[in-house]
Amino acid sequence: MTASTATLIGLTAIVMWSLLAALTVATGRVPPFQLLAMTFAIGACVGPLTWLWRPSAMRALRQPILVWLVGIGGLFGYHALYFLALRLAPPAEAGLLNYLWPLLIVLLSSFLPGERLAPHHIVGAVLGFAGTILLFVGNGSAAPDPAHIPGFIAAFVAAFVWAGYSVMSRKLAAVPTDAVAGFCLATAVLAAICHLALEPTIWPETTVQWLAILALGIGPVGIAFFVWDIGMKRGDIRVLGAASYATPVLSTAFLILAGFARPTATLAIAAALIAGGGLIAAKDMIAGRKS
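Residues numbered from 1 in each chain as written. Predicted model: local features only at pLDDT ≥ 70, side-chain atom pairs only at ≥ 80, totals over all residues. Heavy atoms only, no water.

A. Quick peek at the side chain of Asp229. Take Asp229: it is sitting in helix α10 (residues 207–234). In this structure Asp229 touches Val175, Pro176, Thr177 and Val180, once residues within four positions along its chain are discounted. (Helix = DSSP H or I, 4+ residues; strand = E, 2+ residues; numbered from the N terminus. Contact = heavy atoms within 4.5 Å.)

B. Quick look at the environment of Leu117. Here Leu117 lies in the loop between α6 (101–109) and α7 (119–137). Leu117 sits 37 residues away from Ala154 along the chain, and the two C-alpha atoms are 27 Å apart. Residues within four places of Leu117 in sequence aside, it is in contact with Leu107, Ser110, Phe111 and Ile122.

C. Fine view of the pattern of salt bridges. Applying the stated criterion across every chain, the model contains two salt bridges. For Arg29, the salt bridge goes to Glu205, with nearest N and O atoms at 3.5 Å. Within this pair, whereas Arg29 is found in the loop between α2 (20–26) and α3 (32–46), its partner Glu205 is found in the loop between α9 (179–198) and α10, the two being separated by 176 residues in sequence. Considered together, Arg29 and Glu205 belong to a single accessibility category, that of exposed residues. Among the salt bridges present, the one from Asp178 reaches Arg54, with a minimum N-O distance of 2.9 Å. (Salt bridge = Lys/Arg side-chain N within 4 Å of Asp/Glu carboxyl O. Buried < 20%, exposed > 50% of the residue type's maximum accessible area, 1.4 Å probe, protein only.)

D. A look at helix α1 (residues 3–18). With 16 residues, α1 should reach 22 Å at 1.5 Å per residue; the first-to-last C-alpha distance of 24 Å fits that figure. Ala6, Thr7, Gly10, Ala13, Ile14, Met16, Trp17 and Ser18 are the residues of α1 that are buried. (Expected span 1.5 Å × (residues − 1).)

E. Molecular detail of empty space enclosed by the protein. For the structure on display, the rule yields one cavity of 30 Å³ or more. The computed volume of the largest cavity comes to approximately 50 Å³. Lining the largest cavity we find Trp17, Leu20, Tyr78, His79, Tyr99, Trp101, Trp162 and Phe225. Here the residues of the lining of the largest cavity sort into seven nonpolar, one polar and no charged. (1 Å grid on protein atoms, 1.4 Å probe; cavity = no way out; pocket = protein on both sides within 12 Å on 5 of 7 lines; lining within 4 Å. Points joined across faces, edges and corners; volume = space filled by probe spheres on them. Nonpolar A, V, L, I, M, F, W, Y, C, P; charged D, E, K, R; others polar.)

F. Inspection of the environment of Ile14 at higher detail. Within the secondary structure, Ile14 sits in helix α1. Taking the C-alpha atoms as reference, Ile14 lies 27 Å from Ile149; in sequence the two are 135 residues apart. Setting aside chain neighbours within four positions, we find Ile14 in contact with Trp228, Leu240, Ala243, Ser244 and Thr247.

G. Molecular detail of the packing of aromatic side chains. Enumeration over the complete set of coordinates arrives at 15 aromatic pairs. Arranged with centres 5.9 Å apart and planes meeting at 20 degrees, the rings of Phe40 and Phe225 form a pair that is stacked. Here Phe225 lies in helix α10 and Phe40 lies in helix α3, a separation of 185 residues in the sequence. Arranged with centres 6.3 Å apart and planes meeting at 50 degrees, the rings of Tyr82 and Phe83 form a pair that is tilted. The exposure class assigned to Tyr82 is buried, which follows from its relative accessible area of 0%. A residue is classified by how much of its surface remains accessible, and Phe83, at 0% relative accessible area, is buried. Among the aromatic residues, those joined into a cluster by ring pairs are Trp17, Phe40, Tyr78, Tyr82, Phe83, Trp101, Trp162, Tyr165, Phe225 and Trp228. (Phe/Tyr/Trp six-rings, centres within 6.5 Å; stacked < 30°, edge-to-face > 60°.)

H. Spotlight on the packing of α6 against helix α8 (residues 149–170). One way to put it is that α6 packs onto α8 with a least axis distance of 8 Å and a crossing angle of 50 degrees. It follows that α6 is oblique to α8 by the angle criterion. The element α6 and its partner α8 pack so that their crossing is right-handed. When α6 is examined against α8, the residues Trp101, Leu104, Ile105, Leu108 and Ser109 are found in contact with a partner set consisting of Ala159, Phe160, Trp162, Ala163, Gly164, Ser166 and Val167. Considering only residue class, the contact of α6 with α8 consists of nine nonpolar, three polar and no charged. (Axes fitted to C-alpha atoms, helices over the stretch in contact; angles between N-to-C directions. Parallel < 35°, antiparallel > 145°, perpendicular 65-115°, else oblique. Left-handed = near helix turned anticlockwise from the far one by under 90°.)

I. Structural detail: helix α5 (residues 91–98). Judged by how many residues are buried, α5 sits mostly within the fold: seven of eight residues are covered. Among all positions of α5, only Pro91, Ala92, Ala94, Gly95, Leu96, Leu97 and Asn98 are buried.

J. Focus on the nonpolar core. One finds Trp17 and Phe225 to be the most contacted residues of the largest nonpolar core, which totals 81 residues. Per element, the largest residue contribution to this core is 11 residues, and it comes from helix α4 (residues 65–88). Setting aside its immediate chain neighbours within four residues, Phe225 contacts Trp17, Phe40, Leu75, His79, Trp162, Val180, Cys184 and Pro220. (Core = buried A, V, L, I, M, F, W, Y, C linked by side-chain atoms within 4.5 Å.)

Okay, here's the thing in structure tokens:
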């Protein structure tokens, strides 16, 4: 597989993740941990389907404990917080706040050995922060609705969890992509345990909700992790990193098209600030050089 092919494969993950918020809202009132268990159980089947003609690929599950902790912590931790955020706060605002993760990846990566924090990283961070503040004051109030604060906190923490997982994954490049199936299965099991202990069971009520869950499991929490892993390990990381800043804008657009959010000026400006801040912070990746 060439680097360009791997990059194109990785780019498809960005489109699938842009649908994550809209599909999650479309699942109805299914509790967060139940939704997590259902979708990741589906996602865990995506990779192993290819093991029918590649039985040796199962050996990818034999990984050190650190690899499992990073994989499960990233997938389970991020999505538990993300699904919770979309249940407790307005989906468009929570989604944009969560999509600070591309910017955070750039900032956290700058602290890795051989990297440094440059002025454009700081400018990008300030713009991204301004976009998040605008989400809270755009309705003319100095503070968000108190009832939505837990959801916003969950979205904010989720962004840090995913950024941390992504940066750590760069240091585990030798881990085969097939190991992602094990991370998905473990996430489904943990989510099921949390659901049984903490939540009531609420099954989808309509065909649309069932289809949304199926689509989530196959795409954003299934195939997307495998193709992203391929892109990050074999493709052009600079291109993939820069392209990921389109995610918050696409995500908000899909929410609006699906009728789950209104196309307000506040959302448009906030999306532009967050995405623009990320693009500035990713100048090195776009230009193809180090600071």
